[in-house]
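Structural characterization, general
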Amino acid sequence: MIVDGTGTVYNAKVDHPGLLVENRSRSSLPFKSISASVLLISGYYLYSNQVEAEANYKVSLPPSPFVNSSPSAIISELNDTRNRVAVEAKSTEDLALALFVYKLCSLPWLVDVAPQMISIAETFHLQAPLYWLIKQTFFRHFCGGETPEECISSMDKLAKSGINCILDLSVEADLHVDKEDKQITKSKYHRDDQQADITLKMIKTCITTAAGGVKPNSMAAIKVTAFSPPRLLLRLNHSLALLNQSFLEHQENGQINADGIRNIIHSVLSPSQSEEQQKKRDEIIEYLEHKQRTLDIIEFRTLFNFQGPTRDIWWSTDKEDTTEAILNNEDLEAYDRMINRLEQICTLAYNLNVSIMVDAEQSYFQEAIDHVAINLQRKFNHRTDDMPKYPTVYNTYQMYTKAAQGKMEIDAEVAKRENFTFAAKLVRGAYMVSERKRAQQLDYPSPIHETLEDTNQSFDGGVKFLLSKIGEHQEMAGEPLDGSSSPIVFMVASHNRESVVLTIEEMERYNISPNSDIVHFGQLYGMQDQLSYVLGRHGYSIYKYLPYGMINEVIPYLLRRAQENSAVLGGVANERLLLWNEFKSRISGKTPVPAEVPITDTTITSV
């Protein structure tokens, strides 16, 4: 039996060794008074713009976030379930909103039927009142607004508590594209390119807004799928997966020789389309044979890099038959347009001192996304001794995948060899349900760890690995490092209290200062504020993931958060109790009575 942060009991049924099947049953929670009062709260929030009692209640803001404190002090605060630092900083209206939203999020049946309810409302053109309800509740609690400008007030409010923001334009496909456009074009990617160009303009505005925040070192999140035709990413992903698999099949002791590369050229790549192209291929193979050179996985990937100097030697072809060409010239041209958009974004961010967080996505896109991210890091995270600078591009590693640890270690080694800053965001993962379902449907092994314990070990192992590497570099340097001088910078993006505490302990072990900007923490806006505000109070680098967008475009984002990671939305048992006690005290004028809820492990989170 496993108890998560919601108070939910998971009865583990083992269908086969190592597989944990979650069977939820609701345990008794100390929230009967909350349940009985949900109508009172909703009415209070929806029909009252200002609580009368608030005028007579003085909200005490947390102290300056930049205070000196020991790791033991912050760990003690993090483990104190009665800590009110977060709820004290909220208005009474926000307390009522949070209670109402959390109560709805704890109802699995509502999460399950929400997509159908929205679809029916849209079918009968009744979406206006539904959108209004969503905007006044879920949207307001979990999002910063409909435009980046509307996020500024939330950014400023968080900054007062030492919390920074990651602005996230949360939109799906069909971004205001003219549906009646009948333009005839030779490019099969025309409409996708049109959507990507619109996204480009919107993300530029996002970055400019992030740069204008009160706190320095702001961030903006992007999804590579928003800048590229999905079909192209699928083809890129397929090509990269074939190369990686072929390397494994032909390597010996982690190295591949000229014969192995020759076999891969014949089995994976398209046939040469000209004598000149074949000649250049042969010259490279002959050089490797003459020098008796072997390549490891990093050198192998560099050789076949879509952005490398030898790209056209390997990938250029006019063939359109996908059985003969995994990529063709039209794909390469679309790839170049995608890279151009992303480099425009990163150039703007670099000039404005904003970091770009490349989000992780589904596994059938992820190889291509990782390829794009590492190439952007090569260009925009390059290290120079004469001009230290914070990294511009972060890549995301979903530690609930079995390959995450190995992938991260390889990328860190690439950064070391090529002298650019390895910047990473570690998450547990957001696509567990869909990934397992797809693997089952297509009959291939699931890329996701089978148990929660394996995922936790993977996540915490990644944190320990990166901090140990930073410790080694700091020892070699003979002086403390910071975010501009450290070769590794990363974010622990998690709602899991134990992972946060572990990170703080490991930072102390390697003498990494909380305000060095080497290690960041991240949580979703509207979630686990107790962790966020305590970290900010003690001067740690803490970010809130702040999504925004038009209500009809953000609904898919909200649904995905609820469906793919309902544990995150429900894992706030102690936070709900603190909110309820604070709310009651505001109304009654009495001091909140401390109430303690045992800290339990949280389930896999999307951040």
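Residues numbered from 1 in each chain as written. Predicted model: local features only at pLDDT ≥ 70, side-chain atom pairs only at ≥ 80, totals over all residues. Heavy atoms only, no water.

1. Structural notes on the overall build of the protein chain
What counts is decided by this rule: To qualify as a helix, a DSSP run of H or I must reach at least 4 residues; to qualify as a strand, a run of E must reach at least 2; elements of each kind are numbered from the N terminus. Each residue is placed in one exposure class: buried if its accessible area under a 1.4 Å probe, protein chains only, is under 20% of its type's maximum, exposed if it is over 50%, and partly exposed if it falls in between. Shrake-Rupley sampling with a 1.4 Å probe provides the accessible areas, and residues are treated as covered by the protein chains on show and by no other component.
A tally of regular secondary structure across the protein chain gives 24 helices and 11 strands. Buried residues in the protein chain amount to 55% of all 607 residues. Entry remark: accessible area of the protein chain is about 27300 Å², with carbon and sulfur atoms responsible for 52%.

2. A closer look at the sheet that holds strand β11 (residues 541-548)
Put simply, the rule is: Criterion used throughout: strands pair if DSSP finds at least two bridges between them. Every angle, taken between N-to-C directions, lies between 0 and 180 degrees, and every axis is a line fitted to C-alpha atoms, over only the stretch in contact when it is a helix. Two residues qualify as a contact provided that any one of their heavy atoms is within 4.5 Å of a heavy atom in the partner residue.
Spatially, 8 strands are ordered β4-β5-β6-β7-β8-β9-β10-β11 in a closed barrel, and the strand pairing comes out parallel. Taking the axes of each pair of neighbouring strands and ignoring which way they run, one obtains an average angle of 30° across the sheet. On the sheet, helix α16 (residues 363-380) packs against β6 (355-358), β7 (393-398) and β8 (422-427) and is oriented at approximately 150° with respect to β7.

3. Thoughts on a nonpolar patch on the surface
Rule in force here: Two distance rules govern patches: like charges are joined within 9 Å, and nonpolar side chains (Val, Leu, Ile, Met, Phe, Trp, Tyr) within 5 Å, applied only to residues with over 30% relative accessible area and no salt bridge. Throughout this description, the term salt bridge denotes a Lys or Arg side-chain nitrogen within 4 Å of a carboxyl oxygen of Asp or Glu.
Together, W109, V113 and M117 give the surface a local cluster of nonpolar side chains, amounting to about 300 Å² of exposed area. Among the structural elements, V113 can be located in helix α6 (residues 108-123). For V113, a relative accessible area of 31% corresponds to the partly exposed category.

4. Structural notes on the confidence of the model for the protein chain
Test applied: How sure the predictor is of each residue is captured by pLDDT, a score from 0 to 100.
Confidence in the prediction of the protein chain, expressed as mean pLDDT, is 82, and 80% of residues score 70 or more. For residues 172-180, every residue scores under 50 in pLDDT, and the model assigns this stretch 17 contacts once sequence neighbours within four places are set aside. Note on residues 597-607: pLDDT is under 50 here. Beyond four places in sequence and across chains, it has 53 contacts.

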